[in-house]
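Secondary and tertiary structure notes
Letter by letter, the chains look like this.
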Amino acid sequence: MSDADVTGTCIVCFKSGNDMLMCSRCRSTAYCSRDCQKADWRAHKPSCKAPAAAAATAATGERRLDRPVVVLADGANLQSRLDGLNTSGVRVLSITGRRMGCEGSRRLRVDQNFPDLEELRIEDVALGKVRLTPENTPRLRNFLTQNPTPDDVPDFVMDCPKLRELSIFHWTAGHWEWLHDLLCSAKELELFDSFKIWGVRKLTFASNALRRIRLHRCDGLLNLELWAPRIEHLDVQAAYDLEDIRFIENVELRDKLPSGFTCSAPLRVTAVNANLGAMARENLLAHPRVTAIEGDAEYTDETAGAGGLEAHFARGLPPGMFEGDHTDIGDFKATEHKGIFGTVKSYTRIRRG
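Here is a short report on the structure shown in this document.

Rules used in this analysis
- Residues numbered from 1 in each chain as written.
- Predicted model: local features only at pLDDT ≥ 70, side-chain atom pairs only at ≥ 80, totals over all residues.
- Heavy atoms only, no water.
- Helix = DSSP H or I, 4+ residues; strand = E, 2+ residues; numbered from the N terminus.
- Buried < 20%, exposed > 50% of the residue type's maximum accessible area, 1.4 Å probe, protein only.
- Contact = heavy atoms within 4.5 Å.
- Areas by Shrake-Rupley, 256 points an atom, 1.4 Å probe, with all protein chains shown as cover.
- Pairing = 2+ DSSP bridges.
- Axes fitted to C-alpha atoms, helices over the stretch in contact; angles between N-to-C directions.
- Polar contact = N/O pair within 3.5 Å; in protein donor to acceptor, adjacent residues only side chain to side chain.
- Salt bridge = Lys/Arg side-chain N within 4 Å of Asp/Glu carboxyl O.
- Arc of directions from axis to C-beta.

1. Details of the overall build of the protein chain
Scanning the protein chain for helices and strands turns up seven helices and 22 strands. Every one of the 353 residues in the protein chain was classed for burial, and the buried ones make up 47%. Long-range pairs, those at least 24 residues apart, make up 44% of the contacts in the protein chain between residues at least 6 apart in sequence. For the protein chain, the exposed area adds up to about 17,000 Å²; of that, 49% sits on carbon and sulfur atoms.

2. Re the sheet that holds strand E13 (residues 202–206)
Spatial strand order, E13-E15-E17: three strands in an open sheet with parallel pairing. Both edges of this open sheet fall to E13 and strand E17 (244–247), since each of them pairs with a single strand only. The sheet shows a mean angle of 10° between the axes of neighbouring strands, taken without regard to direction. The sheet contact formed by strand E15 (residues 223–227) and E17 spans four bridges and is parallel. By the bridge assignment, Asn 223 is partnered in E17 with Asp 244.

3. Notes on the side chain of Asn 136
Inspection of the secondary structure assignment puts Asn 136 in the loop between strand E8 (127–132) and strand E9 (142–146). A distance of 2.6 Å separates a polar atom in the side chain of Asn 136 from the backbone oxygen of Arg 131.

4. Observations regarding the pattern of salt bridges
Enumeration over the complete set of coordinates arrives at 18 salt bridges. A salt bridge links Glu 118 to Arg 91, with the shortest nitrogen-to-oxygen separation between them at 2.9 Å. Pair noted here: Glu 118 is in the loop between strand E6 (108–110) and strand E7 (119–123) and Arg 91 is in the loop between helix H3 (78–83) and strand E5 (92–96), with a separation of 27 residues, a long-range link. A residue is classified by how much of its surface remains accessible, and Glu 118, at 10% relative accessible area, is buried. With its nearest N and O atoms 3.0 Å apart, the salt bridge here joins Arg 254 to Glu 249. With relative accessibility at 55%, the residue Glu 249 sits in the exposed group.

5. Overview of the sheet that holds E6
Pairing is parallel in the open sheet, where three strands are placed in the order E6-E8-E10. Each edge of the sheet is formed by a strand with only one pairing partner; in this case those strands are E6 and strand E10 (155–158). Averaged over neighbouring strand pairs, the angle between their axes works out to 10° when direction is ignored.

6. So, helix H4 (residues 177–185)
Among the residues of H4, Trp 178, Leu 179, Leu 182, Leu 183 and Ser 185 are the ones counted as buried. Projection of H4 onto a plane perpendicular to its axis shows the buried side chains occupying an angular sector of 165°, all on one side. Exposed residues on H4 whose side chains face more than 90 degrees from its buried face are Glu 177 and Cys 184. Buried residues along H4 sit in contact with E9, E10, strand E11 (165–171), strand E12 (191–197) and E13.

Below is the structure:
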């Protein structure tokens, strides 16, 4: 970091001010702190060049991008401002609106050509037609969408083969074909992060690069299918309806793995306040890299099947209101907590030898 007291916008958190710090190597990217610079380094590194190297690159005719950030706030003429952008060279686009969108307002159309766009964030905006395809966003790697208006029926076309990170927060729209299409195309996806996406019944992930999935409060999700040979963390916290989790085969993607590929990293499963179905639990415990199912709730008393909310209360009782018990199940130790709502179990793989 160098060149303090520079006016600009942080490339990571979009904080603006006159005390930004510039990348000391390329002197073209602003950050508000060292933490933001570290978080952005993987994305910034390929385009980060010293001025002399950048000049040499320009002399050879190679295209150099300065990674500008464009932030459009909701207000008058948002659509015309978006349509009027000079999109060439735009690497990050953030479109923000009012909390829970603008009910009754015109829905935003996002179908412009952004040939260099790598990150798109759309938050609290009423959405209409959205097109993210290899033709208009060929370099898109990160996509975040949050808080559309509650009655949104999106007209989405999603085909993003280079997508690496996908984040979806506070979506209650009942039409999920766009998400299925997006996951089908995202064969290089590394991270899926979500909170309160409601009404989607089944999700299928297939990526050789996928390392983490978070499905927090994914109400209504019944079935989850995974081809993710490198996955290290599966978080289904408060997924009250999850009946089945299956690790599926994908011959096309399997053939693209390095010869003799194996992944030895443990697969961490978080199921706090969830109520996993018997099939979901059985398939997880059968996976060779699962070392524990953290916080899994299984009810064996008269309230069996009451749901994950009771697990929350049962695990949160004051000391003395439940008693612990330990039993072994095959290669796993099941820890039971008996409370007023039933028996909550957590499973941990037993390390032998």
